[in-house]
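Examining the three-dimensional arrangement
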Amino acid sequence: MNMTHNPKNKPDSPFSVTQTEDSSGFLLWQTTVVWQRRIVAVLRPHELTHTQFVLLASLMWLSQRETLITQTRLAQHAQLDLMMTSQVLRSLEKRGLLNRTEHPTDTRAKVLNLTLEGEQKARAAIPDVERTDHDFFNTLGSQTRVFNQQLVQLIESASPQS
């Protein structure tokens, strides 16, 4: 990476860019903050945090495609830390939104299932979140598919290889 400084920066500046519009990381940060603000607002009436929603919706998604969803599998799917996932799942379980039971063959693993109330809450929140996503990302128009492919590429390049 070329760390030569642009003349518009002060000579002792640690920045390699002269405009924030040239910093992919900062732009991603700003975009994420703006988008998350909207998501948090739409989830407030559902009494869910963004992380709680992602875990409930991801559990529903995986349950439609796989059997015996474990905490580890759910954390991997959501790209969340296993400890955070466990803590959030514990709170969702206390609220009666999911059950964590022993895995039939792996005594260290917990199998997750949505309760009826958890499924209803997820089903109520998903359309609101999807509408918010659509409204936010719709500004990309026909570029949305390419944008999504580029996001997948970034996620895959950063994920540990299995």
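The present account deals with the structure reproduced in this document. (Residues numbered from 1 in each chain as written. Predicted model: local features only at pLDDT ≥ 70, side-chain atom pairs only at ≥ 80, totals over all residues. Heavy atoms only, no water.)

Some remarks on the environment of Val-111
The line we're drawing: The secondary structure listing takes helices from DSSP runs of H or I that are at least 4 residues long and strands from runs of E that are at least 2 residues long, numbered from the N terminus. Whether two residues are in contact is decided by their heavy atoms: any pair within 4.5 Å suffices.
Structurally, Val-111 can be placed in strand 3 (residues 110–114). Separated by 57 residues in sequence, Val-111 and Val-54 have C-alpha atoms that sit 17 Å apart. Leave out the neighbours within four places in its chain, and Val-111 touches Leu-68, Ile-69, Asn-99, Arg-100, Thr-101, Glu-102, His-103 and Pro-104.

Some thoughts on unusual backbone geometry
Rule in force here: Each residue's exposure class comes from its accessible area (1.4 Å probe, protein chains only) as a fraction of the maximum for that residue type: buried when under 20%, exposed when over 50%, partly exposed otherwise.
Positive phi outside glycine occurs at Leu-68, with the angle close to 55°. Along the chain, Leu-68 turns up in the loop between helix 2 (50–63) and strand 1 (69–70). We classify Leu-68 as partly exposed; its relative accessible area is 44%. Not every positive phi belongs to a glycine, and Gln-79 is a case in point at roughly 60°.

So, the pairing of strand 3
Operational definition: Two strands pair under a simple rule: DSSP has to find at least two bridges between them.
Here strand 1 runs beside strand 3; their pairing, made up of 2 bridges, is antiparallel. Across the sheet, Thr-70 pairs through a bridge with Val-111, a residue of strand 3. Pairing geometry for strand 2 (residues 98–102) and strand 3, over 5 bridges, is antiparallel. By the bridge assignment for strand 3, Leu-98 is matched with Leu-114.

Describing helix 4 (residues 82–94)
Using the following cut-off: Each helix should span, by expectation, one fewer than its residue count multiplied by 1.5 Å. Think of a polar contact as two N or O atoms within 3.5 Å of one another; within protein, one of them needs to be a possible hydrogen donor and the other a possible acceptor, and neighboring residues in sequence only count if both atoms come from side chains.
If you check helix 4, its first and last C-alpha atoms are 18 Å apart, about what 13 residues at 1.5 Å a residue would give, namely 18 Å. Within helix 4 the residues assigned to the buried category are Thr-85, Ser-86, Val-88, Leu-89 and Leu-92. Elements that come into contact with the buried residues of helix 4 comprise helix 2, helix 3 (71–78), strand 2 and strand 3. For helix 4, the N-terminal cap is Asp-81; the gap from its side-chain oxygen to the backbone nitrogen of Met-83 is 2.9 Å. Where helix 4 ends, the next residue or the one after it, Gly-96, has phi of about 80°, a positive value.

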